[in-house]
Amino acid sequence: MIFVYLLSLVVIPLLLIVSFKLGKVFNLYDYPDGVRKLHKRPILLIGGIFFQLIFIFYFLIFFYLMAMGEVATYNNIEKNYLVILGIMLANFLIGIIDDKKNIKPSIKLVLILCLFFLSTHILDKSFIIEKLSFYHNLNIHLYSYSIIFSSICLVVLLNAINMADGINSLSSLIFLNWIFFLNLMLPSGDFLIVLNIILMFALVIFVFFNYQNKCFLGDSGCYVLVTYLGFLTIYTYNQNLILPIRYLNIESIFLLFMIPGLDMIRLFAIRIINKKNPFSPDNNHFHHILLKKYGNFLTLIIYNLLIFIPWFIYLFFISLLPYLILSVLIIYVWLISLNLKSEKK
């Protein structure tokens, strides 16, 4: 596998250069509006192109090594990978159109839900949530509801992280955290570990350019990454179900995705109470609240530490999981309340 990693060190920077050029060719720019988009000049939306090219590169390498007998395989692995690549490409195209034309959120989410529903029909059981396994050894079997439940979970995750994509490098760092921890949960020898390491390297590079206002992830990049991450989470969760120590259960997954998920619920509730469309954009997101008080850099640090530190502690002290969830909830509410107090003053 050393050859794959060394090849990636060369190929990924080249793919980033290609992405910049394709972004200019297809005029994929995010233009400032002085309200929510405060950058001073048009910025290229190349995240989707960049990460889609990386996934194509990875799968080409995988299929080549598989043909050479260099990687372990299991039944339907080719079909599963091709379906996931296809759904990522479909969501990438939806994201590209959304970046350029702003598709109505309800239409966009219904379309993506249909795509996830179709893909989970084709994929094998490794990529479907058939059983909810909780921290206290409670198990709930979903039976015929497993496919629709899996599809809804994927859409909810997509919407949550898309709502967190509001300041430079935030969503990319969130993806970096998530992939890092999920990668630790994969069985040794799983070739997805190689892809995750390649992705983490690519995300570090992208974070640097994104933070410098050289490029944006865009909806297309967010949709590509969250599609992969959603299926990776389900796959890793299912692999952990057969282990003596189950690090991945419903509560630990909730802890991992907690901050974007909580913020989505809070924003939807506030908008509905105020008789607004729950999908209407505003500057009341958690990252906007942190940004007003702490600035861009500290916002990135605080937001990502709320994801990284609890899960890092959980890896060593599994019994603390309920207390970690409660602690993150208290810190989140406290930070929100600080903003409300400052606004009243």
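Preceding this section is the structure that the text describes.
Presented here is an overview of the structure given in this document.

Basis of the calculations
Residues numbered from 1 in each chain as written. Predicted model: local features only at pLDDT ≥ 70, side-chain atom pairs only at ≥ 80, totals over all residues. Heavy atoms only, no water. 1 Å grid on protein atoms, 1.4 Å probe; cavity = no way out; pocket = protein on both sides within 12 Å on 5 of 7 lines; lining within 4 Å. Points joined across faces, edges and corners; volume = space filled by probe spheres on them. Helix = DSSP H or I, 4+ residues; strand = E, 2+ residues; numbered from the N terminus. Nonpolar A, V, L, I, M, F, W, Y, C, P; charged D, E, K, R; others polar. Expected span 1.5 Å × (residues − 1). Contact = heavy atoms within 4.5 Å. Buried < 20%, exposed > 50% of the residue type's maximum accessible area, 1.4 Å probe, protein only. Axes fitted to C-alpha atoms, helices over the stretch in contact; angles between N-to-C directions. Parallel < 35°, antiparallel > 145°, perpendicular 65-115°, else oblique. Core = buried A, V, L, I, M, F, W, Y, C linked by side-chain atoms within 4.5 Å. Patch = residues over 30% accessible without salt bridge, like charges linked within 9 Å, V, L, I, M, F, W, Y side chains within 5 Å. Areas by Shrake-Rupley, 256 points an atom, 1.4 Å probe, with all protein chains shown as cover. Salt bridge = Lys/Arg side-chain N within 4 Å of Asp/Glu carboxyl O. Phe/Tyr/Trp six-rings, centres within 6.5 Å; stacked < 30°, edge-to-face > 60°. Pairing = 2+ DSSP bridges. Polar contact = N/O pair within 3.5 Å; in protein donor to acceptor, adjacent residues only side chain to side chain.

Remarks on empty space enclosed by the protein
Working step 1: Scanning all chains against the criterion turns up two cavities of 30 Å³ or more.
Working step 2: The space that makes up the largest cavity amounts to roughly 60 Å³.
Working step 3: Considering the residues around the largest cavity, the lining is formed by F59, Y81, I84, F127, L192, Y228, F231 and L232.
Working step 4: Sorting the residues of the lining of the largest cavity by element identifies helix 3 (77–101) and helix 8 (218–240) as the ones contributing at least two each.
Working step 5: Ranked by residues supplied to the lining of the largest cavity, first place goes to helix 8 with three residues.
Working step 6: Tallied by class, the residues present in the lining of the largest cavity amount to eight nonpolar, no polar and no charged.
Working step 7: Approximately 40 Å³ is the volume found for the second largest cavity.
Working step 8: Taken together, I289, L290, K293, Y294, L335, L338 and N339 make up the lining of the second largest cavity.
Working step 9: Here the lining of the second largest cavity takes four residues from helix 11 (residues 286–316), the largest share from any one element.
Working step 10: Of the residues belonging to the lining of the second largest cavity, the class tally is five nonpolar, one polar and one charged.

Quick notes on helix 4 (residues 105–122)
Working step 1: In a regular helix each residue adds 1.5 Å, so 18 residues correspond to 26 Å; helix 4 covers 26 Å between its end C-alpha atoms and thus fits that length.
Working step 2: Close packing links the buried residues of helix 4 with helix 3, helix 5 (146–163) and helix 8.

Observations concerning the environment of L158
Working step 1: Along the polypeptide, L158 turns up in helix 5.
Working step 2: By relative accessible area, L158 is classed as buried at 1%.
Working step 3: Once residues within four sequence positions are removed from consideration, L158 is found in contact with L109, I112, F116, Y223 and V226.

Considering the packing of helix 6 (residues 170–185) against helix 11
Working step 1: Between helix 6 and helix 11, the least distance of the axes is 11 Å, while the angle of their chain directions is 0 degrees. On the basis of their axis angle, the class for helix 6 and helix 11 is roughly parallel. Together, L170, L173, I174, N177, W178, F180, F181, L184 and M185 of helix 6 and H287, L300, Y303, N304, I307, F308, W311, F312 and L315 of helix 11 make up the contact between the two elements.

Some points on the nonpolar core
One recurring pattern in soluble globular proteins is that nonpolar side chains are buried together.
Working step 1: Among the nonpolar cores identified, the biggest contains 114 residues, and F51, F55, F175 and W178 are the most heavily contacted of them.
Working step 2: Among residues more than four places away in sequence, those in contact with F51 are L199, A202, L203, F206, L217, V224 and L225.

Description of a nonpolar patch on the surface
Working step 1: Together, I2, L6, L9, V10, L14 and I17 give the surface a local cluster of nonpolar side chains, amounting to about 600 Å² of exposed area.
Working step 2: Mapping L9 onto the fold places it in helix 1 (residues 2–25).
Working step 3: Taking the relative accessible area as the measure of exposure, L9 reaches 46% and is therefore partly exposed.

Considering the packing of aromatic side chains
Working step 1: A complete count under the given rule lists 31 aromatic pairs for this structure.
Working step 2: Between Y247 and Y314, the aromatic rings sit 6.2 Å apart at their centres with planes inclined by 90 degrees, giving edge-to-face as the arrangement. Taken together, the residues Y247 in the loop between helix 8 and helix 9 (250–256) and Y314 in helix 11 connect sequence positions 67 residues apart.
Working step 3: Since its relative accessible area comes to 0%, Y314 is described here as buried.
Working step 4: An aromatic cluster of at least three residues, connected via ring pairs, comprises F180, F181, Y247, F308, W311, F312, Y314 and F316.

Looking at helix 5
Owing to its 3.6 residues per turn, the α-helix brings residues three or four apart onto one side.
Working step 1: Taking 1.5 Å per residue as the helical rise, helix 5 with its 18 residues ought to reach 26 Å, and the 26 Å between its terminal C-alpha atoms agrees with that figure.
Working step 2: For helix 5, a buried count of 13 out of 18 residues is recorded, marking the element as mostly surrounded by other parts of the structure.

Remarks on the sheet that holds strand 1 (residues 29–30)
Working step 1: Judged by pairing direction, the sheet is mixed, and its three strands sit side by side in the order 1-2-5 without closing on themselves. If you trace the sheet from one side to the other, it starts and ends with strand 1 and strand 5 (215–216), each paired once.

Re the layout of surface pockets
Working step 1: Quantified by volume, the second largest pocket comes out at close to 580 Å³.
Working step 2: Along the walls of the second largest pocket sit 21 residues, with C153, V156, I253, F254 and F257 positioned nearest its centre.
Working step 3: Contributing elements (two or more residues each) for the lining of the second largest pocket: helix 5, helix 8, helix 9 and helix 10 (258–273).
Working step 4: By residue number, the principal contributor to the lining of the second largest pocket is helix 5, which donates six residues.
Working step 5: Of the residues belonging to the lining of the second largest pocket, the class tally is 18 nonpolar, three polar and no charged.

Examining the side chain of T236
Working step 1: In this fold, T236 is placed in helix 8.
Working step 2: Here L232 takes part through its backbone oxygen, which lies 2.6 Å from a polar atom of the side chain of T236.
Working step 3: Leaving out residues up to four positions away in the same chain, T236 has contacts with L182, M185, L186 and L248.

Some words on unusual backbone geometry
Working step 1: Phi at N137 is positive, roughly 65 degrees, even though this residue is not glycine.
Working step 2: Residue placement: N137 occurs in the loop between strand 3 (131–133) and strand 4 (139–141).
Working step 3: Since its relative accessible area comes to 64%, N137 is described here as exposed.
Working step 4: The residue Y143 is not glycine, and still its phi comes out positive at about 50 degrees.
Working step 5: Residue position: Y143 is located in the loop between strand 4 and helix 5.
Working step 6: Note on Y143: relative accessible area 65%, which makes it exposed.

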